[in-house]
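In case you want the letters, here they are:
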Amino acid sequence: MITTKHPGHPPAESFNDATEAVDRLELLYRQATGFLCDEFIRAMADGAPDNQRIRAYYPEIRFSTLTFAQVDSRLSFGHVSAPGTYATTVTRPDLFRNYLIQQIGLLIRNHGQPVTIDVSDTPIPVHFAVASRPDLTVPQEGAAGFTLRDVFDVPDLSTTNDDIVNGTCQPASGTGPLSLFTAQRIDYSLARLSHYTATSPEHFQNHVLFTNYQFYVAEFEAYARAQLADPDNGYTSFVSTGDHEITDPAAVTPEAGKLPQMPTYHLKRDDGNGITLVNIGVGPSNAKTATDHIAVLRPHAWLMVGHCAGLRNTQALGDFVLAHGYLREDHVLDDDLPIWTPIPALAEIQVALEEAVAEITELEGFDLKRIMRTGTVATIDNRNWELRDQSGPVQRLSQSRAIALDMESATIAANGYRFRVPYGTLLCVSDKPLHGELKLPGMASDFYRTQVARHLQIGIRAMERLRGMPLERLHSRKLRSFDETAFL
């Protein structure tokens, strides 16, 4: 008979203080992962124990209320809408400490009820337990001298999904979800982020810029160094791929070497409200991958600042496009978010972007409208769409009133909508294929040289405006459904 070996099950504790509750979460998580790491080291050195399974469990937050009373709050989160019991498993409480204190604190304050911290019945996969230990690596199947999953729990994709965010979750036990993501789903994404971006999740900031060209990276680093030279602006360090972190603006960063799939850079602040730049490259698949995983970090906003094809003859190369609607022909999210779902423009984001364009270009009124069009952006999954029979694509683009086309923006906006992350898009016209201006080498290099710096500055300035906005305005009810989780 196989027995299960795990740390002793400590009693559940209730807390009316959010900081103390998170301290307890950290202790339970440290004990569980420390136990798994120690047992893993022992098994790799001495072989697997006979007839014994080694297991430890994620900690859990549990909350109950008996009343339908409406919570008087301007926030769209921090409370539950109906009586019942709600719970979520927790991973990396050290990484999410400030977030958890904020969310638990709102729950306690809004309902006047304590939260209970306990050990859940969800095992921690050994791969995730050792993730914070750079000296430990879980070998591939067959290389350990014993069958790993006979002794340790491994990631289980049958229970790692997006049912909560997609609105399809049906809790079997009658306990409702407290958070949009379970611990396993978060651990899965944290591992993927490190792999795809070559930077640790700890460095990601609350405001994320996505771009589809590497040209923006050099400009972002130059801006970051200039900011580090001024200690009064709140930025504390700059992190490049490989987790190379500098605080001195004159410091030399090592050669990047082979870049990861999505090179990522972070201009950090102590409060986490700095700016992260992710070069997702070209295509909706990368856009979905990046946002699928960054979403678990619960950023306050993400914006797309990339290049696009201008679809109107009245547009000029270098003009800006502020998306207020999206034509989704990317297809990568069709199974998660029905194509009939509207992806609305968010007023707070639109205003921040428009004001940033006006500030950086020093234009207003008609002069501002001359270089910035507002309209529908079409996102497709075929980079060479121009080579198709023009009667099909062009007719649909015309019927949709689209003014620009790219391969990422609608994907990023749709995933922002799905994950309740405020989103927006400001593109720059780099070619006009329907009107004879293709993206050719000479034309492109001149365009990039004159436009990239200004475009990036606009994205950064918009993020700085959003940073000063109250959370109840930015994380508004527009992104919340009928029956939402209490945690943002």
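Nothing here was measured: the structure is a model prediction, and the numbers come from that model.

**Q** Would you mind going over the overall build of the protein chain with me for this structure?
**A** Within the protein chain one finds 14 helices and 18 strands. Since a compact globule built from 488 residues should have a radius of gyration of about 23 Å, the 24 Å found for the protein chain is in line with a globular shape. Based on the C-alpha atoms only, the size of the protein chain along its principal axes is roughly 75 × 55 × 55 Å. For the protein chain, with 488 residues in total, the buried portion stands at 54%. Put simply, of all contacts in the protein chain between residues at least 6 apart along the chain, 83% involve residues at least 24 apart.

**Q** Would you mind going over the sheet that holds strand S6 (residues 115-123) with me for this structure?
**A** Note on sheets: strands pair through backbone hydrogen bonds, and any given pair is parallel or antiparallel. Strand order in the open sheet made by the five strands is S2-S6-S4-S5-S7, with mixed pairing throughout. Each having just a single partner strand, strand S2 (13-15) and strand S7 (176-177) make up the two edges of the open sheet. Bridging between strand S4 (residues 57-65) and strand S5 (residues 84-89) involves six bridges; their strand directions are antiparallel. Paired with Ile61 across the bridge in S5 is Thr88. Each of S4, S5 and S6 touches helix H6 (residues 183-197); the most contacted strand, S4, lies at about 135° to it.

**Q** When you look at the pattern of salt bridges in this model, what are you seeing that I'm missing?
**A** Side-chain pairs of opposite charge can arise where the charged atoms are in close proximity. In this structure the tally under the stated criterion is 28 salt bridges. Between Arg225 and Glu221 there is a salt bridge, with the nearest N and O atoms lying 3.0 Å from each other. Taken together, the residues Arg225 and Glu221, both in helix H7 (residues 215-228) and four residues apart, mark about one turn of the helix. Each member of the pair, Arg225 together with Glu221, is buried. A salt bridge links Asp336 to Arg418; the shortest N-O distance between them is 3.8 Å. Remark: Arg418 occurs in helix H12 (residues 409-419) and Asp336 occurs in the loop between strand S15 (320-329) and helix H9 (347-361); sequence separation between them is 82 residues. With a relative accessible area of 2%, Arg418 lands in the buried category. If you follow the salt bridges from partner to partner, you end up with Asp162, Arg185, Lys288, Asp292, Asp336 and Arg418 in one network.

**Q** Help me understand the packing of helix H1 (residues 18-46) against helix H2 (residues 97-111), please; the structure alone is not making it clear to me.
**A** Axes are the key here: two packed helices are described by the angle between their axes and the distance separating the axes. Look at H1 against H2: their axes get within 8 Å of each other, and the N-to-C directions meet at 130°. With respect to H2, the element H1 is oriented oblique. Along this stretch, H1 crosses H2, giving a crossing that reads as right-handed. Touching Ala18, Thr19, Ala21, Val22, Asp23, Leu25 and Glu26 of H1 are Arg97, Leu100, Ile101, Ile104, Gly105 and Ile108, all from H2.

**Q** Could you clarify how one ought to interpret the environment of Leu136 in this entry?
**A** Assignment of secondary structure puts Leu136 in the loop between helix H3 (126-129) and helix H4 (148-151). A residue is classified by how much of its surface remains accessible, and Leu136, at 13% relative accessible area, is buried.

**Q** Looking at this structure, how should I read the confidence of the model for the protein chain?
**A** Detailed reading of the predicted coordinates is not advisable wherever pLDDT falls low. Per-residue confidence for the protein chain gives a mean pLDDT of 88, with 91% of residues at or over 70. Taken element by element, the protein chain is modelled with least confidence in strand S1 (residues 3-5), mean pLDDT 64, and with most confidence in strand S13 (residues 301-304), mean pLDDT 98.

**Q** Teacher, can you tell me more about the side chain of His79 here?
**A** As for its position among the elements, His79 is in the loop between S4 and S5. Of note is the side chain of His79, whose polar atom sits 3.2 Å from the backbone oxygen of Leu75.

**Q** So what exactly am I meant to see when it comes to the layout of surface pockets here?
**A** Empty space left among the atoms is revealed by rolling a probe the size of a water molecule over them. Space inside the largest pocket adds up to approximately 930 Å³. Considering the residues around the largest pocket, the lining is formed by 39 residues, among which Thr89, Thr122, Thr159, Thr182 and Gln184 are closest to the centre. Listed by contribution, the elements that provide at least two residues to the lining of the largest pocket are S4, S5, S6, helix H5 (163-166), S7 and H6. At five residues, the largest contribution of residues to the lining of the largest pocket is made by S6. Classifying every residue of the lining of the largest pocket by side-chain character gives 16 nonpolar, 15 polar and eight charged. Of the volumes computed, that of the second largest pocket is approximately 800 Å³. Around the second largest pocket, the lining is made up of 34 residues, and of these Ile164, Asn166, Gly167, Arg420 and Ser481 lie nearest the centre. Contributing elements (two or more residues each) for the lining of the second largest pocket: H5, S7 and H12.

Thresholds, definitions, all that
Residues numbered from 1 in each chain as written. Predicted model: local features only at pLDDT ≥ 70, side-chain atom pairs only at ≥ 80, totals over all residues. Heavy atoms only, no water. Helix = DSSP H or I, 4+ residues; strand = E, 2+ residues; numbered from the N terminus. Rg over C-alpha atoms; globule rule 2.2 N^0.38 Å. Buried < 20%, exposed > 50% of the residue type's maximum accessible area, 1.4 Å probe, protein only. Contact = heavy atoms within 4.5 Å. Pairing = 2+ DSSP bridges. Axes fitted to C-alpha atoms, helices over the stretch in contact; angles between N-to-C directions. Salt bridge = Lys/Arg side-chain N within 4 Å of Asp/Glu carboxyl O. Parallel < 35°, antiparallel > 145°, perpendicular 65-115°, else oblique. Left-handed = near helix turned anticlockwise from the far one by under 90°. pLDDT = per-residue confidence, 0-100. Polar contact = N/O pair within 3.5 Å; in protein donor to acceptor, adjacent residues only side chain to side chain. 1 Å grid on protein atoms, 1.4 Å probe; cavity = no way out; pocket = protein on both sides within 12 Å on 5 of 7 lines; lining within 4 Å. Points joined across faces, edges and corners; volume = space filled by probe spheres on them. Nonpolar A, V, L, I, M, F, W, Y, C, P; charged D, E, K, R; others polar.

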